[in-house]
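# Notes for the structure review
Listed here are the chains, written in short residue letters.
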Amino acid sequence: MALRIYNTYTNSVEAFKPLADSKVKMYVCGPTVYNYFHIGNARPLLMFDIFRRYLMYRGYDVRYVVNITDIDDKIIRSANEEKTSTAEVAAKYTQAYFEDCEKLGIRNPDVSPKATDHIDDMIELVKKLVDQGIAYPAEGDVFYDVKKLPQYGKLSGKKIDDLKSGARVEVDKRKKDPLDFVLWKAAKPGEPSWESPWGKGRPGWHLECSVMSMKYLGNTFDIHAGGVDLIFPHHENEIAQSEGATGTRFVNYWMHNGFLNVDGEKMAKSAGNFFTAREILEKYKPEVIRMFFLLKHYRSPIDFSEERIHESQQALSRINSTLANIDIALKEFQPDAKKINGSTIINNLREQFLAALDDDFNTANAMAKIFEMVREANIIMSAEQIQQRDLEALLRIKNTILEFNEFLGIIESEQNKISEVEQKVYLDILVEVRQKLREQKNWKLADFIRDRLVEKGIELEDRKDKTVWKKF
RNA sequence: GGCGGCGUAGCCAAGUGGCUAAGGCGGAGGUCUGCAAAACCUCUAUUCAUCGGUUCGACUCCGAUCGCCGCCUCCA
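Residues numbered from 1 in each chain as written. Chains lettered and ligands numbered in written order. Predicted model: local features only at pLDDT ≥ 70, side-chain atom pairs only at ≥ 80, totals over all residues. Heavy atoms only, no water.

## Quick word on the overall build of chain A
When helices and strands are tallied, chain A shows 16 helices and 15 strands. Seen through its principal axes, chain A has C-alpha atoms that stretch 90 × 50 × 35 Å. Looking at the 472 residues of chain A, the share that counts as buried comes to 50%. Of the roughly 23,000 Å² of accessible surface on chain A, 48% is carried by carbon and sulfur atoms. Within chain A, one finds 69 positive and 73 negative side-chain charges whose respective centroids are separated by 2 Å. (Helix = DSSP H or I, 4+ residues; strand = E, 2+ residues; numbered from the N terminus. Buried < 20%, exposed > 50% of the residue type's maximum accessible area, 1.4 Å probe, protein only. Areas by Shrake-Rupley, 256 points an atom, 1.4 Å probe, with all protein chains shown as cover. Lys, Arg positive; Asp, Glu negative; His and termini not counted. Charge placed at Lys NZ, Arg CZ, Asp CG, Glu CD.)

In structure tokens form, the structure reads like this:
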């Protein structure tokens with residue numbers, strides 16, 4: 001069984017073969033820090049982080065880079081609106097980006113390079129392109145000469161002539177071809193700028209990703225990912241810049257996630273139909289949001305609504321309550337962990353789960369296998385008598401789910417659920433007292449304890465032979 | 001106009017040239033219970049937008065039609 005992924009470059013699912021046997025070099029287009037990122041922006045950050053962690057789980061040594069674009073038109077506009085400097089805007093939202101990622105359970109990349117820290121490298125690349133005659137300066141700007149690269153348009157499947165006829169933008173007269181794009185922009189009054197061989201200016205949008213990805217991952221690396229909207233022109237132009245300069249293949253596998261829509265329309269800051277990740281996190285746990293994304297294949301569009309989020313929450317609590325019930329069942333009987341092999345059915349589900357992820361990271365399919373394990377566990381627990389081998393199966397199911405959770409991140413850790421060991425002790429005493437009250441048929445007081453605990457997030461369940469509590 | 005994708009039960013959503021078309025939410029029954037809540041179990045698509053074609057056989061392949069979405073401009 002080997003990992004296969006859909007490669008936008010070839011428009012097909014391909015066997016994944018990294019350049020170096022067990023090493024994977026991966027780059028994801030990160031945020032432009034001019035605002036809080038919205039829940040749609042969170043999708044690639046979240047899903048590709050999980051993908052990276054899956055690769056690590058599978059034994060790959062992954063070097064993972066996510067850039068931070070901290071200079072561009074939108075940041076300048078934001079700075080003007082907030083009457084502050086671009087540096088301050090960038091600093092504020094860079095911090096917010098890291099905070100929001102942490103809350104969402106997204107692990108830090110190995111490198112988070114900032115565009116403004118790499119201006120010299122960018123100028124070097126532009127120089128190289130100019131020297132090779134692939135780029136040409138014009139009045140302080142520098143343009144990329146698209147005609148010089150025969151493979152231009154390969155990634156997006158576009159032909160230069162088609163693009164021209166569909167162009168909706170007024171063409172800059174200085175361009176040799178309407179598709180030529182700007183590598184270096186001449187400074188305008190009041191805008192931040194850097195010295196360059198072409199005068200003061202700042203980098204064009206696509207430049208930083210070419211420069212920083214190659215700097216940290218090499219001229220050719222394995223995976224480059226981002227939203228589908230980046231295919232053209234951003235990624236197309238990155239290829240042009242990089243391959244133009246190095247003469248070698250830039251990226252082997254291009255992965256693109258689908259959009260998050262609202263009422264069938266793309267969620268976008270410009271459309272105003274967005275919710276920031278922060279807002280959503282105030283209402284829902286990060287695990288719920290992760291679940292929401294995992295229940296769909298990363299390349300499909302998702303329609304966002306509170307109803308969908310709520311469904312994900314319900315689905316997740318099915319897993320959680322089964323895990324909690326397994327814990328309760330195991331608390332009384334300790335199976336010998338060394339002897340656990342699991343039944344064939346559990347082992348099959350385990351294999352199917354991994355096979356699903358190996359099939360172009362089909363998390364929707366994989367999650368179904370988790371639910372099948374959950375049902376297996378529930379069937380075992382609903383039996384009148386639980387045998388030793390059943391307990392072993394339960395432990396096996398629990399361990400398998402927790403093992404996968406290493407990269408899924410949908411199950412809260414025990415530490416989060418129960419912060420203080422002592423609390424457990426007091427809770428047990430309360431439950432014991434309530435049991436005595438129930439034996440005396442003092443329902444009023446017994447219910448009072450139950451209600452008060454619910455207010456504190458503790459749920460009691462009166463079972464046949466005992467009362468159990470759960471934190472929710 | 002060019003390019004790409006999608007249309008599967010009430011809703012969300014996987015999947016496959018022939019085997020029971022996963023799973024989740026919701027709903028309906030049932031179990032448990034002092035009551036409750038929760039939880040669990042069972043059931044919930046003779047059918048995969050429509051119409052043709054290829055095939056022994058298609059929801060899956062091909063063609064057409066209808067509908068939806070994205071990119072072609074900043075955009076995850």
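There is more to say after this.
## Focus: the sheet that holds strand S12 (residues 265-266)
Read across the open sheet, the three strands follow the order S12-S11-S13; overall the sheet is mixed. The open sheet has two edge strands with one neighbour each: S12 and strand S13 (302-304). Examined bridge by bridge, strand S11 (residues 260-262) and S13 share three bridges and lie parallel to one another. Residue pairing across strands places Leu260 opposite Ile302, the latter belonging to S13. (Pairing = 2+ DSSP bridges.)

## As for the domain arrangement of chain A
When its domains are assigned, chain A resolves into domain 1 (4-283), domain 2 (304-415) and domain 3 (421-471). Domain 1 and domain 3 are separated by 55 Å when their C-alpha centres are compared. (Domains from an automatic or database assignment.)

## Remarks on helix H2 (residues 73-81)
Three- or four-residue spacings in an α-helix give side chains the same orientation, since the helix completes a turn every 3.6 residues. Where H2 is concerned, the buried positions are Ile75, Ile76, Ser78 and Ala79. Along H2, the residues classed as buried sweep out an arc of 160° about the axis, all on the same side. Exposed residues lying more than 90 degrees from the buried face of H2 are Asn80 and Glu81. Each element contacted by the buried residues of H2 is listed here: helix H3 (86-103) and strand S8 (201-203). Positive phi shows up at Lys83, right after H2, with a value of about 50°. (Arc of directions from axis to C-beta. Contact = heavy atoms within 4.5 Å.)

## A word on the confidence of the model for chain A
Mean pLDDT over chain A works out to 89, with 94% of the residues at or above the 70 mark. The least confident element of chain A, judged by mean pLDDT, is helix H14 (residues 414-417) at 54; the most confident is strand S4 (residues 61-66) at 98. (pLDDT = per-residue confidence, 0-100.)

## A few points about the pairing of strand S15 (residues 467-471)
Burial within S15 is extensive, with four of its five residues counted as buried. In this sheet, S15 lies alongside strand S14 (residues 458-462) in antiparallel orientation, the contact comprising five bridges. Opposite Ile458, over in S15, you have Lys471 as the bridge partner. Connecting S14 to the antiparallel partner S15 that follows it, the hairpin turn spans four residues.

## Here's the deal with the nonpolar core
Among the nonpolar cores identified, the biggest contains 88 residues, and Ile223 and Ile319 are the most heavily contacted of them. Counting residues per element, this core draws most heavily on helix H1 (residues 39-57), which supplies ten residues. Counting contributing residues per domain, this core is built from domain 1 (4-283) and domain 2 (304-415), each supplying no fewer than three. If we skip the residues at most four places from it in the chain, Ile319 touches Met291, Ile370, Phe371, Val374, Ile401, Ile410 and Ile411. One finds Leu125, Val126, Leu217 and Phe250 within the second-largest nonpolar core, a separate group that totals 44 residues. (Core = buried A, V, L, I, M, F, W, Y, C linked by side-chain atoms within 4.5 Å.)

## So, the state of the cysteines
This structure, assessed with the given rule, holds zero disulfides. Free cysteine: Cys101, not disulfide-bonded; nearest cysteine sulfur from Cys29 at 14 Å. Since its relative accessible area comes to 5%, Cys101 is described here as buried. Cysteine Cys209 is unpaired, with the sulfur of Cys29 as its nearest cysteine sulfur at 3.7 Å. (Disulfide = S-S within 2.5 Å.)

## Observations concerning the packing of helix H12 (residues 363-381) against helix H13 (residues 388-408)
It is the contact of H12 with H13, at a shortest axis distance of 10 Å, that shows an interaxial angle of 155°. Between H12 and H13, the crossing angle belongs to the class labelled roughly antiparallel. The handedness of the crossing between H12 and H13 comes out as left-handed. Counted together, Met367, Ile370, Met373, Val374, Glu376, Ala377, Ile380 and Met381 of H12 and Asp390, Ala393, Leu394, Ile397, Thr400, Ile401, Phe404 and Leu408 of H13 form the full contact between these two elements. Taken together, the residues of the contact of H12 with H13 break down into 13 nonpolar, one polar and two charged. (Axes fitted to C-alpha atoms, helices over the stretch in contact; angles between N-to-C directions. Parallel < 35°, antiparallel > 145°, perpendicular 65-115°, else oblique. Left-handed = near helix turned anticlockwise from the far one by under 90°. Nonpolar A, V, L, I, M, F, W, Y, C, P; charged D, E, K, R; others polar.)

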